[in-house]
Amino acid sequence: MFIGHWAPALALANRPAGPRLASLFIAGQLMDWGFFLLVLLGAEHLRIVPHFTAMNPMDLYDMPLSHSLAGPLLLASGFAMWLQRSGMGRGGALIGALVVLSHWLLDLLAHAPDLTLAGGSSRFGLGLWNQPRLEMPLELGLVAAGLALYAWRARPAKGRLAALALLLLALQAVNWFGPPPAPGSGTTGMALTALAAYAMATAVARWVDRSASPAA
């Protein structure tokens, strides 16, 4: 999953007394923000293995902090606490926590077995990255449903929402069809590119949400 991680954010944003879209865009990718920052720090690791899965050449062999179930549980708790300290009620904080946790559940569908419960040797993943005829329409369908729900609830400017939809589609197209990194290539550039993509999408989500109607 890539843009599919923003589908829960779109579906749940702008509920009464709930988080705004940009906050939930951060929540939806918080695990990967953490992962790529830890890669830059040398605390977690990946390597490029051509055809590791049909859709993704990344062997995510070492991510016990960011992608064990214990990791997102802690991240979700911390994100909920941050929302509450920012003035959000318990209901809104719970929405934020659920969006953080949705990342692990969607990864469970897509990843080869590389997810753990608490960093142990048992690894989980249903491997939809090896089934592009299933994974691709699923990811696009989730995002389309999320955009539709957000448009119905928040009524943002149509042009801005279309710009966000096109950006997400472009990011996913690069992810699916762009040239893969060379085997043995460094991970720094990959990590920085991913973080830049997350930041860009979040900035555009904030821009879109500024045109939305107040939650009723």
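As the structure is a prediction and not an experimental result, all values here were calculated from the model.

A.B. asks: Could you give an account of helix H2 (residues 21–28), naming the residues involved and the relevant values?
C.D. replies: Summarising burial for H2: seven of the eight residues are buried, a large majority. Those residues of H2 not exposed but buried are Leu21, Ala22, Ser23, Leu24, Phe25, Ala27 and Gly28.

A.B. asks: A description of a nonpolar patch on the surface should follow, citing residues and the corresponding values.
C.D. replies: On the surface, Leu37, Leu40 and Leu192 cluster together into a nonpolar patch covering about 250 Å² of accessible area. As for its position among the elements, Leu192 is in helix H8 (residues 188–209). Assessed through its relative accessible area of 48%, Leu192 is described here as partly exposed.

A.B. asks: Which residues make up the side chain of Gln172, and what are the values?
C.D. replies: Position of Gln172 relative to the elements: it lies in helix H7 (residues 158–177). Taking relative accessible area as the criterion, Gln172 reaches 0% and is therefore assigned buried. Those residues in contact with Gln172 that sit more than four places away from it in its chain are Phe2, Ile3 and Glu139.

A.B. asks: Give me the lowdown on the pattern of salt bridges, citing residues and values where you can.
C.D. replies: On inspection of all chains with the given rule, the structure shows two salt bridges. The partner of Asp209 in a salt bridge is Arg20, and the shortest N-O contact between them spans 2.7 Å. Of this pair, Asp209 sits in helix H8 while Arg20 sits in the loop between helix H1 (7–12) and H2, placing them 189 residues apart in sequence. Between Arg47 and Asp59 there is a salt bridge whose closest N-O contact spans 2.8 Å. Here Arg47 is found in strand E1 (residues 45–48), whereas its partner Asp59 is found in strand E2 (residues 58–62), with twelve residues between them in sequence.

A.B. asks: So what's going on with the pairing of E1? Which residues, and what values?
C.D. replies: Of the two faces of E1, the one lined by Leu46 and Ile48 is fully buried and the one lined by His45 and Arg47 carries no buried residue. The sheet contact formed by E1 and E2 spans three bridges and is antiparallel. Across the sheet, residue Ile48 finds its bridge partner in E2, namely Met58.

A.B. asks: Can you tell me about the packing of aromatic side chains, naming the residues and giving the values?
C.D. replies: Taken as a whole and judged by the stated rule, the model has nine aromatic pairs. Plain terms: the ring middles of Phe79 and Trp82 are 5.5 Å apart, the flat faces sit at 40° to each other, and that makes the pair tilted. Here the residue Phe79 and the residue Trp82 both occupy positions in helix H4 (residues 70–85), the gap between them amounting to three residues, near one helical turn. Clustering of aromatic rings is evident, with ring pairs tying together Phe2, Trp6, Phe25, Trp33, Phe35, Phe36 and Tyr198. The ring of Tyr61 carries Arg47 above its face, with NZ or CZ at 3.9 Å from the centroid.

A.B. asks: Any details on the nonpolar core? Residues and values, ideally.
C.D. replies: One finds Phe25, Leu46, Tyr150 and Leu164 to be the most contacted residues of the largest nonpolar core, which totals 59 residues. Among the elements that make up this core, the one with the highest residue count is H8 (ten residues). Contacts of Tyr150, omitting those with residues within four sequence positions, involve Leu10, Ala13, Asn14, Leu21, Arg155, Pro156, Leu161, Val208, Asp209 and Ala212.

Cut-offs applied
Residues numbered from 1 in each chain as written. Predicted model: local features only at pLDDT ≥ 70, side-chain atom pairs only at ≥ 80, totals over all residues. Heavy atoms only, no water. Buried < 20%, exposed > 50% of the residue type's maximum accessible area, 1.4 Å probe, protein only. Helix = DSSP H or I, 4+ residues; strand = E, 2+ residues; numbered from the N terminus. Patch = residues over 30% accessible without salt bridge, like charges linked within 9 Å, V, L, I, M, F, W, Y side chains within 5 Å. Areas by Shrake-Rupley, 256 points an atom, 1.4 Å probe, with all protein chains shown as cover. Salt bridge = Lys/Arg side-chain N within 4 Å of Asp/Glu carboxyl O. Contact = heavy atoms within 4.5 Å. Pairing = 2+ DSSP bridges. Phe/Tyr/Trp six-rings, centres within 6.5 Å; stacked < 30°, edge-to-face > 60°. Lys NZ or Arg CZ within 6 Å of the ring centre and 35° of its normal. Core = buried A, V, L, I, M, F, W, Y, C linked by side-chain atoms within 4.5 Å.

Geometric values such as these leave the question of function open.
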